[in-house]
Amino acid sequence: MAQSAHRRLIQGMLANYPFVLKNLKAYAGNLYRRRVLGSSLVVPYSAIFYATHRCNLSCSYCTQKNPEVFSEELDTRTTIRIFHNIRKEVDTLLITGGECTVRPDIERLVIASREEVGFRSVLIVTNGVLLDTKRAMLPYLNGLVCSLDAITHDPSEPLSKSATVPRVLDNLLMAKEILPAQAITVSCVLEQWNLAEAERILEFCGKHGFVFSVQSAQTNGKFPNFEFLRDPRYRDFVERLIAMREQNTVRINGTPKLLRTLLLFEEFKCYPTMFPRIYPNGDIFYPCEVLRRIAGNVLDDGSISAAFERGRRLYGEVPECKNNCFLFGNVLSSYYVEDFWGLAGDTIRNRAQA
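Residues numbered from 1 in each chain as written. Predicted model: local features only at pLDDT ≥ 70, side-chain atom pairs only at ≥ 80, totals over all residues. Heavy atoms only, no water.

(A) Broad picture of the pairing of strand 6 (residues 211-216). Among the 6 residues of strand 6, 6 are classified as buried, and the element is accordingly described as predominantly covered. Pairing of strand 5 (residues 184-190) with strand 6, which is carried by 6 bridges, proceeds in the parallel orientation. In the sheet register, V186 faces strand 6, and the bridge partner there is F212. Regarding topology, helix 6 (residues 195-208) serves as the crossover connection from strand 5 to the parallel strand 6, and that connection is right-handed. (Buried < 20%, exposed > 50% of the residue type's maximum accessible area, 1.4 Å probe, protein only. Helix = DSSP H or I, 4+ residues; strand = E, 2+ residues; numbered from the N terminus. Pairing = 2+ DSSP bridges. Right-handed = clockwise from strand over helix to strand, strands pointing away.)

(B) Highlighting the packing of aromatic side chains. Taken as a whole, this structure holds 12 aromatic pairs when the rule is applied. With 5.1 Å between their ring centres and 75 degrees between their planes, Y50 and Y279 make a pair best called edge-to-face. Within this pair, whereas Y50 is found in strand 1 (residues 47-50), its partner Y279 is found in the loop between strand 9 (277-278) and strand 10 (283-285), the two being separated by 229 residues in sequence. The burial state of Y50 is the same as that of Y279; both residues are buried. A ring pair is formed by F265 and F326, whose centres lie 5.3 Å apart and whose planes are at 65 degrees; its orientation type is edge-to-face. A residue pair is termed long-range when its members are at least 10 positions apart, and F265 in the loop between helix 8 (256-264) and strand 9 and F326 in the loop between helix 10 (304-315) and helix 11 (328-338) qualify at 61 residues. (Phe/Tyr/Trp six-rings, centres within 6.5 Å; stacked < 30°, edge-to-face > 60°.)

(C) Quick look at the packing of helix 8 against helix 11. Direction vectors running N to C along helix 8 and helix 11 enclose 130 degrees, while the axes themselves pass 10 Å from each other. In terms of orientation, helix 8 lies oblique with respect to helix 11. Note on packing geometry: the crossing formed by helix 8 with helix 11 is right-handed. Together, K257, L258, T261 and L262 of helix 8 and F328, V331, L332 and Y335 of helix 11 make up the contact between the two elements. Here the contact of helix 8 with helix 11 is composed, by residue class, of 6 nonpolar, 1 polar and 1 charged. (Axes fitted to C-alpha atoms, helices over the stretch in contact; angles between N-to-C directions. Parallel < 35°, antiparallel > 145°, perpendicular 65-115°, else oblique. Left-handed = near helix turned anticlockwise from the far one by under 90°. Contact = heavy atoms within 4.5 Å. Nonpolar A, V, L, I, M, F, W, Y, C, P; charged D, E, K, R; others polar.)

(D) Spotlight on the nonpolar core. Of all hydrophobic cores here, the largest spans 87 residues; its most connected members are I86 and I95. When sequence neighbours within four positions are dropped, the list of residues in contact with I86 reads A47, L93, F119, I278, V298 and I304. (Core = buried A, V, L, I, M, F, W, Y, C linked by side-chain atoms within 4.5 Å.)

Encoded structure:
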């Protein structure tokens, strides 16, 4: 049995060698930085670009509705220049917002990011409402992440996701005609009111072959809400979700260990510079968006590393975080650095089974 599992892992590594090579190079670079240079500023793995602060909805848990740091959108050509500077160090770009599809040039930006700038992988995060009006970008995406907190239609609050459910579901099925089902992730933010809805979203993902992703709503966008842990419905959902992930009965984002840390608020060490966050005008945060400190500007400084080096001179090394914000990317950075081989093995096995 062990030999069979080992053989499947080797086969998966060979089948996904560009992905494996990228991860090994980043792992080696980060190991050198931490062990030899004594730095907690790790190599960027992928970049998160906020295309806009605007949104066509008003979700209760959104951390972007009233950003403490604000930046103006730049014109299309200048934004593509930002992409070129980002591409110097990472080959994966995640475009988010606000709601990135309210930006009129989003199709042009996505197409240019692949065709002109040469990103190996481009993903967008969207609420899905306007996807049918932005179909031209879908063939250029490697991944589509659609946020959904309910699947029951409730038109009583026009700016809620519940009010837009029918259109979003239709748009997800439309996207499935263009993208592979496993390239589409439905992301659910858990609150106490929507636990039953999360169950239904999970069933919807299983039915259509989508990936289910989840995290808990954060208090003030920064801290876990420990009230969730006192709710038996929440804990039951989390345990069943982890069991389903262990059995691979539904596509679920994250390893079982990562999900437990993320949803039960277990201790982890964050490496925020692994996923640099860049605002519409090119401003980049150091070390993370939550601390609201701008390191520099990718457009002006020429690269992510140059902006980060400026941030290090201004603010010092990445601090030890006392109150971890349990966002998926933050927890992922911890497992990537602290449990690389466990994360890699699980990811490769999961890809091989897809």
